[in-house]
2 protein chains.
Amino acid sequence: MIRLHLPQPLSAGAALVPSLDQSRYLTQVMRLKLGDAVLVFNGQDGEWRCVLSDILKKGVVLKAEAQVRPQTIGPDVHLLMAVVKKSAMEFAVEKATELGVRHIRPMLTARTQGHHLRLDRLDAIAIESAEQTGRMDLPVIDDPAKLADVLEGWDPGRRLMFCDETGGAPVVKALSALEDSGRPWAILIGPEGGFSPQERERLRALPFTTAVSLGPRVLRADTAAVAALTLWQAAVGDWER
Amino acid sequence: MIRLHLPQPLSAGAALVPSLDQSRYLTQVMRLKLGDAVLVFNGQDGEWRCVLSDILKKGVVLKAEAQVRPQTIGPDVHLLMAVVKKSAMEFAVEKATELGVRHIRPMLTARTQGHHLRLDRLDAIAIESAEQTGRMDLPVIDDPAKLADVLEGWDPGRRLMFCDETGGAPVVKALSALEDSGRPWAILIGPEGGFSPQERERLRALPFTTAVSLGPRVLRADTAAVAALTLWQAAVGDWER
C-alpha cells in the first residue's frame, strides 16, 4: 500500500490535505480512485489508514480512518557526515534514513571540497526513503557546520564513533566492549582524503570519542557511512533486541 | 594517482596496451603526458607503477617499472543477490566490490521480477570500483541462476548467511558465536517482497545456512546487501585482524 508522510496531526476522522505534488502522484501516477486507501504518518501520531475522500482541482483530500501502527522511534544516533559530492551525499542520506539515523549533520572539515548542498533535495530523499521502508519518523537534516565548532560545543554525554582510516580498534569488539546500549551516540565520517592530522589528533584526544577501523580496504565516504551505521545498529543499537 | 585494471601480465619492463577507452581517459580526460605515472593491477601480479611510454593513434603504451604493492586477496565470501531493478543492482555491485566480495551471483527466486541484467555494465562498475578504492582483484560476476538449482548443487563446506526479513538470530551474536574465521561463506539477499514461504522453509532446513536478522526496519535489497557484507566482514572476515 502507498505510504505518505504528511506534517498534519492524525486522529480518527481528520481531513488531510496532501501537497499538490503528492495529490498528482496519488491520482495521476498511482491512479487512485475515491475510497482507495493509503497509509499516512507524520512522525508523531503513528501510522494511519486513510481513504481518498475528495478529488478537487487544487488537490485531493484524505480522511484518516484508524491507526494501524503506533508511533515508534529508533535509537538516538546522529550521523556527522563530511560534505561530499552530490551523488554520494544523496546516497548516504537515503541509506542512513533506512538504517534509522535520527539526525544528519553535514560537516565542513579541513579537507572538505566546496560541494554545494541542496537541503531541500536531501529532505525529499529522506522523506521518500522513510515512506518506502516503513519508517515512522523522519531524520532531521541540518545546515552544514564546521567540525571544529561542533566539537567545541559537544555534549559529552553523547559518544562519538570516529571512523579513522589510519586505523582504530576493530569495530565489533570495540563497540561490544562498551555495553553502551541506550546512551546517545554519533558517528563521524570524514571526506574523500580523510581527516587532517590535526583533526585526527584532536578527535583522538577527546574523552567522548571511540576510534574504530572499517577494515583493510579503502571505502568511499558514502559506503563508510552505511557500514558504520550498520555496525553501530547491530552492536549498540536496536538490532540485537 | 590514477589506478587502472588491465588484464595483461605485469613484470618489470613489460609494455602494456590499455583499451582505446582507457587510453582516451588517460590522455584526453586526465591529460597525462609522456613519462607520467599510473598504477596498474591485473588481479594476479600485485600493483605496479607504470609510466606512459608512447602515445599512438590507436592508443597509449604503458611501461611497467616496479611493483609497489604485492598481490593480496580478501576473504572467500560470495554475494548471492536476488536480481532487483537496475539502479539497485548496480549499487550493490559497486559497494560489494568496495567491501571485498569475491564472487557476485545474481539469483532468480520465486518473487524475482523480470529485470534485465547487463553483465557488461556490472563488470564495468566492479572494475571502476576496484580501481578507485585500491582493491587488488576483481569480483567475478556470474550469469543469473535459479536459487533452487544453486542450493541443489551447493558445496556444504561453504556456509550460507541467509538474511531473513521475518526474523533470524541477532547477526553479530550469531556470527561471533560461529568462530568460523577462514571458512568459505556466502551471503544471500532476497528480492523486493522477500523469499516465498517455501524458499524460507527450505533455506532454514539446510545444514549449511545461518538465518540472521538485519534489524527491525525494512531495508531495500541493495541496502541489505551492503549491511550484511559489512557485518560479515566485521565479525567473520578480515576486519578484526
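Per an unreviewed UniProt entry, chain A is named Ribosomal RNA small subunit methyltransferase E, and its organism is Brevundimonas vitisensis. Entered under Function (unreviewed entry) in the UniProt record, the comment concerning chain A runs "Specifically methylates the N3 position of the uracil ring of uridine 1498 (m3U1498) in 16S rRNA. Acts on the fully assembled 30S ribosomal subunit." Note on chain A: under the UniProt heading Subcellular location (unreviewed entry), the record states "Cytoplasm".

Colleague: It is not clear to me how the overall build of chain A should be interpreted in this structure. Could you clarify?
Modeller: The number of helices and strands found in chain A is 7 helices and 13 strands. Each principal axis of the C-alpha distribution contributes one length, and for chain A these read about 60 × 40 × 30 Å. Counted over contacts in chain A with a minimum sequence separation of 6, partners at least 24 positions apart contribute 75%. A total of about 10800 Å² of accessible surface is found on chain A, and carbon and sulfur atoms cover 52% of it. Averaged over its 29 positive side-chain charges, chain A has a centre that lies 3 Å from the centre of its 30 negative ones.

Colleague: It is not clear to me how helix H1 (residues 20-29) of chain B should be interpreted in this structure. Could you clarify?
Modeller: Note on helix geometry: an α-helix contains 3.6 residues per turn, so any two residues three or four positions apart are oriented the same way. All names here are of chain B. For H1, the full list of buried residues reads Gln22, Ser23 and Leu26. Along the axis of H1, the buried residues cluster in a sector spanning 105°; they form a single face. Summarising the geometry of H1, the exposed residues directed more than 90 degrees from the buried face are Asp21, Gln28 and Val29. Summarising the contacts, the buried residues of H1 are in contact with strand S1 (3-5), strand S3 (37-41), strand S5 (59-69) and helix H3 (119-132). Backbone geometry just after H1 places Arg31 at a positive phi near 60°.

Colleague: Explain the interface of chain A and chain B here, please?
Modeller: Where the parts come together, the accessible area they lose is often given as the size of the interface. Facing 35 residues of chain A, the contacting portion of chain B comprises 35 residues. Carbon and sulfur atoms make up 56% of the area that chain A and chain B hide from each other, which totals about 3000 Å². Taken as a group, Arg217, Arg220 and Trp239 of chain A account for 25% of the area that chain A buries against chain B, more than any other trio of residues on that side. Between chain A and chain B we count 8 salt bridges in total. Among the salt bridges present, the one from Lys95 of chain B reaches Asp222 of chain A, with a minimum N-O distance of 3.1 Å. It is helix H7 (residues 221-235) of chain A that contributes the most residues to the side of chain A that touches chain B, 9 residues altogether. Classifying every residue of the side of chain A that touches chain B gives 16 nonpolar, 9 polar and 10 charged.

About the thresholds
Residues numbered from 1 in each chain as written. Chains lettered and ligands numbered in written order. Predicted model: local features only at pLDDT ≥ 70, side-chain atom pairs only at ≥ 80, totals over all residues. Heavy atoms only, no water. UniProt positions renumbered as here; feature names shortened; annotations may be inferred. Helix = DSSP H or I, 4+ residues; strand = E, 2+ residues; numbered from the N terminus. Contact = heavy atoms within 4.5 Å. Areas by Shrake-Rupley, 256 points an atom, 1.4 Å probe, with all protein chains shown as cover. Lys, Arg positive; Asp, Glu negative; His and termini not counted. Charge placed at Lys NZ, Arg CZ, Asp CG, Glu CD. Buried < 20%, exposed > 50% of the residue type's maximum accessible area, 1.4 Å probe, protein only. Arc of directions from axis to C-beta. Buried area = accessible area lost by both parts, 1.4 Å probe. Salt bridge = Lys/Arg side-chain N within 4 Å of Asp/Glu carboxyl O. Nonpolar A, V, L, I, M, F, W, Y, C, P; charged D, E, K, R; others polar.

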